[in-house]
Structures are given as C-alpha cells and as structure tokens.
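Each chain, letter by letter, is given below.
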Amino acid sequence: SLLRMLRMKSNFTLLRDLVMVLPLTEKTSKGGIVVVSEDKTAPGKGVVLSVGPDVKDLTFKDKVVYMRGEAREIKYEGDTILVVKQADILCKMID
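Residues numbered from 1 in each chain as written. Predicted model: local features only at pLDDT ≥ 70, side-chain atom pairs only at ≥ 80, totals over all residues. Heavy atoms only, no water.

Colleague: Could you give an account of the pattern of salt bridges, naming the residues involved and the relevant values?
Modeller: Using the criterion set out here, one finds one salt bridge in the structure. Aspartate 62 is paired through a salt bridge with lysine 92; the nearest N and O atoms lie 3.8 Å apart. Of this pair, aspartate 62 sits in the loop between strand S4 (43-51) and strand S5 (63-67) while lysine 92 sits in strand S8 (residues 89-92), and the two are 30 residues apart along the sequence. A residue is classified by how much of its surface remains accessible, and lysine 92, at 41% relative accessible area, is partly exposed. (Salt bridge = Lys/Arg side-chain N within 4 Å of Asp/Glu carboxyl O. Helix = DSSP H or I, 4+ residues; strand = E, 2+ residues; numbered from the N terminus. Buried < 20%, exposed > 50% of the residue type's maximum accessible area, 1.4 Å probe, protein only.)

Printed below as a string of structure tokens:
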C-alpha cells in the first residue's frame, strides 16, 4: 500500500547513487502462494522508495527493472527492501 511505502521511505536516507527498491511479487500460484524466483542472474522488478542525492531520472513510486544479483537486502518490519546502485537499474517501466 502507499501508506506502507511512505512509512518505509521516511525511515531511511540514502547516500550517493543508491536506490531503495521494494521488490514486486513475481507470481502467485492458483492456490494463492507467492512464488519468488531464486535466480539471482535474472532481472527483478520493483518500485522505487527512495533515492540518494546523486541519482538522476528516478523518483518515488517509479517502477524499475534492476539487476537482482547486485541488490543488497534489508529486512524492515517484516518486508524485504533492496538497495541497488543506480547503474544496476536497467530501465523504468511505463504503465
């Protein structure tokens, strides 16, 4: 939810060219089970929560494709948040 994303965003200040991303759920099975790919070489999709002062062209709530293997995980209030360098963001997704 937007409120949850705003709460996460307000608790972190990123440095340099770092981007904080909330990963999007990969797939949901017919039974409602979330299936997350373990393949670290495949790109992931997520929503930008926060950006460092040196980041260009990305803002809060942008949907992006990022290099999963370069992401660093942070556990926060039961959620997994990723921190990646801007260079590891492959593209923005257009709705």
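Colleague: I'd like a description of the sheet that holds S8, backed by residues and values.
Modeller: Spatial strand order, S6-S7-S1-S4-S5-S8: six strands in an open sheet with antiparallel pairing. With one partner strand each, in any of the chains shown, strand S6 (72-76) and S8 form the two edges of the open sheet. Averaged over all neighbouring strand pairs, the angle between strand axes comes to 40°, with direction disregarded. (Pairing = 2+ DSSP bridges. Axes fitted to C-alpha atoms, helices over the stretch in contact; angles between N-to-C directions.)

Colleague: Kindly report on the environment of methionine 8, identifying the contributing residues and their values.
Modeller: Within the secondary structure layout, methionine 8 lies in helix H1 (residues 2-10). For methionine 8, a relative accessible area of 1% gives the class buried. Between the C-alpha atoms of methionine 8 and glutamate 77, which are 69 residues apart in sequence, the distance is 8.9 Å. In this view, methionine 8 contacts Leu22, Leu49, Tyr76, Asp79 and Ile81; residues no more than four positions away in its chain are not counted. (Contact = heavy atoms within 4.5 Å.)

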